[in-house]
Amino acid sequence: MKSPIASFSATCLLPMAASLAIALLVLGCSPTLRAQSGSIEYIWWEAESTKATDFPPPARNPFAPLNPQESSVLSGRQWIGVTGDRDHSLFLEYDVTLPKTASYQFFSRKFWQHGPFRWCFDSQPWQTVGKNVVLLDDASLRQFVGANWVKCGTVELAAGKHSCRIELLENSGAACFDCFLLTTESFVPRGKLKPGEKYNRAPAGWFPFEPDADPFANSPIDLRYLNEKNAGENGFIQAKGEEFVQEKTGKPIRFWAVNTGGESVNMDQASTEQFARGLAKAGVNMVRIHGPVWGRDFRQPDKDHLDKLFYFIAALKKQGIYTGISIYFPLWLQLRQGSGFEGYAGKNPFALLYFSPEFQAFYRGWWKSVLNTPNPYTGKPLSEEPAVAFAELVNEDSYLFWTFNYDNIPGPQMALLEKQYGSWLATKYGSLAKAFQSWGGGPQRGDDMSAGRAGFRGLWEMSHNKDRRSQDTATFLTLSQREFYDKSYRYLKNDLRFKGLVYGSNWITADATVLGPLDKWSNAGCDFMDRHGYFGGPHEGPAAGYSIRTGDKFDDKCALLFQPNKPGEQPDFNLPIMDIRYNGKPSTITEINWTPPNRFRADTPLLCAAYGSLQGTDGFFFFATGNPGWDQNLAKFGIKTPAIFGQFPAAALIYRHRLVQPAQTVVNVNLKLDDLFALKGAPVSAPLNLDEFRAKDIPTGKSAEVTSISSLDPLAFLVGKVGIDISKDGGTSRTADLSKYIDRNAKKVVSQTGELSWDYGNGLVKVNSPQAQGATGFLSKAGTIELLDMKIKSEMEYGAITLVAMDGKPVAQSGKILLQVMSEETNYGFDAPGAGLRTIKEVGSAPIVVKNLQGTITLKRSDALDLKVTSLNFNGYRTSQVRSGPAIALEPKTIYYLIEK
């Protein structure tokens, strides 16, 4: 066992503030109670320096560091750990001496979510840290092995000596501990660094992004005021035409939102409140809580989880933040033998919910517990809670996606659906035999006339053959899926009396043109339409779908250039922000992200805010975040980073205050339902031949009614609204003259409103409205960018610069303006040499570093010399740097500026 003195030597040698020069005796050592800038008090000890334990010694730790680089990740350069089966519960004991009586926050740095444990001081009640504990940061030793800070809870302790005991809750599996921390102050986890310490490291030309803990004091860019005092105080959110409105006022509302996983509700209450306050400050007014509500037995909701969920929703409500609830995704559940569903042996139940009455019964039980159980923190069930804006029926599943096949759905379960299909065919044709006879051809898998069953064509064959059997298959699957959504909608609204909104799902199909509109129609009985959208360059690796690892291959890709997916292909004109309005209903994107690795992320918030406003998108839900603080390094789906969350203030103001005008509908496609059942498809994806959409068919400067539109110009989304209406009778379609807005020779598109322009030849988007102006893309290449009230001249190769009036006035008269600047971000030490598809040599580690900000912003106002410009820090608080003048020289490390009259 390592010497206690050696284990604390680094801490003991640290300087201490004079006012807190108090020596402590912990494990025979003299660690110090330290103050950073005279404020941060803490006590820190190494996990391997125990008073007593039955853990194996560090030398026998199966996860011990294998080299100096791995050792450097750990506090004290090692940790204590175990794996495998054990015949008893292992424990750790420590003596800790405290200098004062106080309420202490207790933290542990441990191995991911492995090793659930309980802890106590002296004879106080045990507190538990379970498997789903929220991870506050991440530091990797090697693949699959990392150290993460977790908050264990809060404890009241008197001055003097105390005993701390840790006990594992499982007698098998992995568990590792690096160090422990008691603190009376806010703590920003940064790997092995102690409270108040920062890495302060960045390559030349970059700066580290390391915000202090936010005290939530008076910040000029705190957007909490945008939200209601309590979410729902103006009644339930309702769908009215293409918009969401507040029940009592009729006022339209949009949602600038984030996603969080179900495990996030496991934060302690203080952290949950900090999480909610931080989101509100950044302009967020909704959170989609995305996670299962069942426990070990999927048939039963987890009562402890529900209690935490209820508190989480109540805490968001107090910050004016609405909640959307997503409780079912087939990937969260694996059905095994003995589950009651014959044939499953560790498979995800794709499509099962649509046709299995037994599975639907469990599903309805989850919703009943979630919506009808009284919330002890508000006194009312969620069904009557106006702060709960919506319920999502199914996440990312569909009969019409590739997961619907005979390999995923076991024979005994597929037989149930084949029987339902056979009954439907018998009704349509008079008998199943007549259906087979009408189709012609030989039998296929699943056909069993004696059992009344008909088999299913594969999706590719169905969407390409389009014969009668394919048409019947598509029709049945669509109607069956529609029936599920409609029945579930009625169950939530009528049986459970849920007063919020309900929507179906958000998934893609195996064929966007042929099957896509059928899937959308199956959702159309619900209150609004939803989808998901991600953007990024190629990323190849064994786990590239959810992580970034050394050895992965990737290439950067800029959304502004519409680059082909592969060399030699046509430009890829599809982006997640391109939003089709279906049947005149509100439309949301409940998952969106420009995923790393990709140096071109800074355009994301401004594109969403500006073009979402243009198209009338009703909600953007960035995916995802799960803890109160900032991300310490870039992960596959991280958004609490400077390029994304750091740009929320200006983007949220633009989007929520409607500082960019909505456009009129420039293309509206009317489709006949029977034509879709006949697999005639719809023009919902970018055509291979862009000339199929012919402007010469439309009178110049006017809109025209046409019998049909064979393909939808994807650039129409950058001009104005695009709608598709699906009905029994169909109707004429309408399209505007797009030629006056789209110049393919120059590779430029301007919006119908004239406030937005997109130069996809040079990769530059400009926003130029009276109250919001800016540019994103390749700024240095653009030279001087002239806008209504400012000029931008920047040496940054790529970035985003946004100017937003904060007082409701035009920029030309505003007395309070936010200037926001961003460039590129990456992990410190990220190394992927070369160009094109290249290999990641090092993923890097904390901190996130940002490329230096450069440029000059010149205000055109006649009173520009009288304007006061104040730099703000990363948390939006004023610094001492105040200046005036029409020309604002950007500082290398300043993201926010306040301009005041």
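Just so it is clear, the model here is predicted, and its values are computed rather than measured. (Residues numbered from 1 in each chain as written. Predicted model: local features only at pLDDT ≥ 70, side-chain atom pairs only at ≥ 80, totals over all residues. Heavy atoms only, no water.)

### What to know about the overall build of the protein chain
If you tally the helices and strands in the protein chain, you get 16 helices and 47 strands. Against the globule reference of 29 Å for 901 residues, the protein chain gives a C-alpha radius of gyration of 29 Å, in line with a compact fold. Judged by the C-alpha coordinates and their principal axes, the protein chain covers about 85 × 80 × 55 Å. Burial status across the protein chain gives 59% buried among its 901 residues. When contacts within the protein chain are restricted to residue pairs at least 6 apart in sequence, those whose partners lie at least 24 apart make up 72%. Working note: accessible area of the protein chain is about 34,000 Å², and carbon and sulfur atoms make up 50% of it. (Helix = DSSP H or I, 4+ residues; strand = E, 2+ residues; numbered from the N terminus. Rg over C-alpha atoms; globule rule 2.2 N^0.38 Å. Buried < 20%, exposed > 50% of the residue type's maximum accessible area, 1.4 Å probe, protein only. Contact = heavy atoms within 4.5 Å. Areas by Shrake-Rupley, 256 points an atom, 1.4 Å probe, with all protein chains shown as cover.)

### Brief notes about the sheet that holds strand β26 (residues 619-622)
Strand order across the open sheet formed by 8 strands is β20-β19-β18-β17-β16-β26-β25-β21, with parallel pairing between neighbours. On the outer flanks of this sheet lie β20 (501-503) and β21 (529-535), each paired with one strand and no other. Within this sheet the neighbouring strands show an average axis-to-axis angle of 25 degrees, counted without direction. Taken together, the 3 bridges between strand β19 (residues 388-392) and β20 define a ladder with parallel strand orientation. (Pairing = 2+ DSSP bridges. Axes fitted to C-alpha atoms, helices over the stretch in contact; angles between N-to-C directions.)

### Details of helix α14 (residues 648-656)
Most of α14 sits out of view: 9 of its 9 residues are buried. For α14, the set of buried residues is F648, P649, A650, A651, A652, L653, I654, Y655 and R656. Remark: R658 follows α14 within two positions and exhibits a positive phi of approximately 55 degrees.

### Re the pairing of strand β6 (residues 117-121)
Burial runs high along β6: 4 of the 5 residues are buried. Across 3 bridges, β6 lies against strand β7 (residues 127-129) in antiparallel orientation. Counted as the bridge partner of W119 is Q127 from β7. What sits between the antiparallel neighbours β6 and β7 is a turn of 5 residues, in which D122 has the positive phi angle 55 degrees. Here β6 runs beside strand β10 (residues 160-168); their pairing, made up of 5 bridges, is antiparallel. Within β10, the position partnered with C120 by the bridge is R165.

### Overview of helix α13 (residues 604-615)
Taking 1.5 Å per residue, 12 residues should reach 16 Å; α13 reaches 16 Å between its end C-alpha atoms and fits that length. Those residues of α13 that fall on the buried side of the exposure criterion are T604, P605, L606, L607, C608, A609, A610, Y611, G612, S613, L614 and Q615. One or two steps after α13, the chain reaches G616, where phi turns positive at roughly 75 degrees. (Expected span 1.5 Å × (residues − 1).)

### Topic: the state of the cysteines
Following the criterion strictly, the structure yields 0 disulfides and no others. You can see C179 has no disulfide; the closest cysteine sulfur is in C152, sitting 11 Å from it. For C179, a relative accessible area of 0% puts it in the buried group. (Disulfide = S-S within 2.5 Å.)

### Points about the pairing of strand β45 (residues 878-884)
For a regular strand, side chains alternate in direction, first toward one face of the sheet and then toward the other. Bridging between strand β44 (residues 868-872) and β45 involves 4 bridges; their strand directions are antiparallel. Across the sheet, K868 pairs through a bridge with S884, a residue of β45. Count of turn residues in the β44/β45 antiparallel hairpin: 5 residues, of which G876 carries a positive phi of about 85 degrees.

### Digging into the sheet that holds strand β23 (residues 553-554)
Read from one edge of the open sheet, 3 strands run β22-β23-β41, paired in antiparallel fashion. Two strands close off the open sheet at either side, each with one partner strand: β22 (539-540) and β41 (838-839). As defined by bridge partners, β23 adjoins β41 across 2 bridges and the pair is classed as antiparallel. Following the sheet pairing, F554 is matched in β41 by R838.

### Quick word on the pattern of salt bridges
As enumerated under the stated definition, the model contains 47 salt bridges in all. Ionic pairing is found between K100 and E41, a salt bridge with its closest N-O pair at 2.5 Å. Here K100 is found in the loop between β4 (91-98) and β5 (102-110), whereas its partner E41 is found in the loop between α2 (9-12) and β1 (42-46), with 59 residues between them in sequence. A relative accessible area of 32% places K100 in the partly exposed class. (Salt bridge = Lys/Arg side-chain N within 4 Å of Asp/Glu carboxyl O.)

### Section: the confidence of the model for the protein chain
When pLDDT is averaged along the protein chain, the result is 91, and 92% of the positions lie at 70 or above. Throughout residues 1-38 the model reports pLDDT below 50, and contacts reaching past four residues in sequence, or to other chains, amount to 80 contacts. In the model, residues 685-708 has pLDDT below 50 throughout and makes 47 contacts with residues more than four positions away in sequence or in other chains. (pLDDT = per-residue confidence, 0-100.)

### Here we look at the side chain of D556
Along the chain, D556 turns up in the loop between β23 and β24 (580-582). Within the structure, the side chain of D556 is placed 2.9 Å from the backbone nitrogen of R599, a separation counted as a polar contact. A distance of 2.6 Å separates the side chain of D556 from the side chain of R838, its partner in a polar contact. Each residue touching D556, except ones within four places of it in the same chain, is listed here: N598, R599, F600 and R838. (Polar contact = N/O pair within 3.5 Å; in protein donor to acceptor, adjacent residues only side chain to side chain.)

### Comments concerning the packing of helix α8 (residues 411-429) against helix α9 (residues 432-439)
Remark: α8 packs on α9, axes separated minimally by 7 Å, with the N-to-C direction vectors making an angle of 80 degrees. Between α8 and α9, the angle is such that the two are roughly perpendicular. Mapping the contact onto sequence places Y421, G422, L425, A426 and Y429 in α8 and L432, K434, A435, S438 and W439 in α9. Counted by class, the contact of α8 with α9 contains 7 nonpolar, 2 polar and 1 charged residues. (Parallel < 35°, antiparallel > 145°, perpendicular 65-115°, else oblique. Nonpolar A, V, L, I, M, F, W, Y, C, P; charged D, E, K, R; others polar.)

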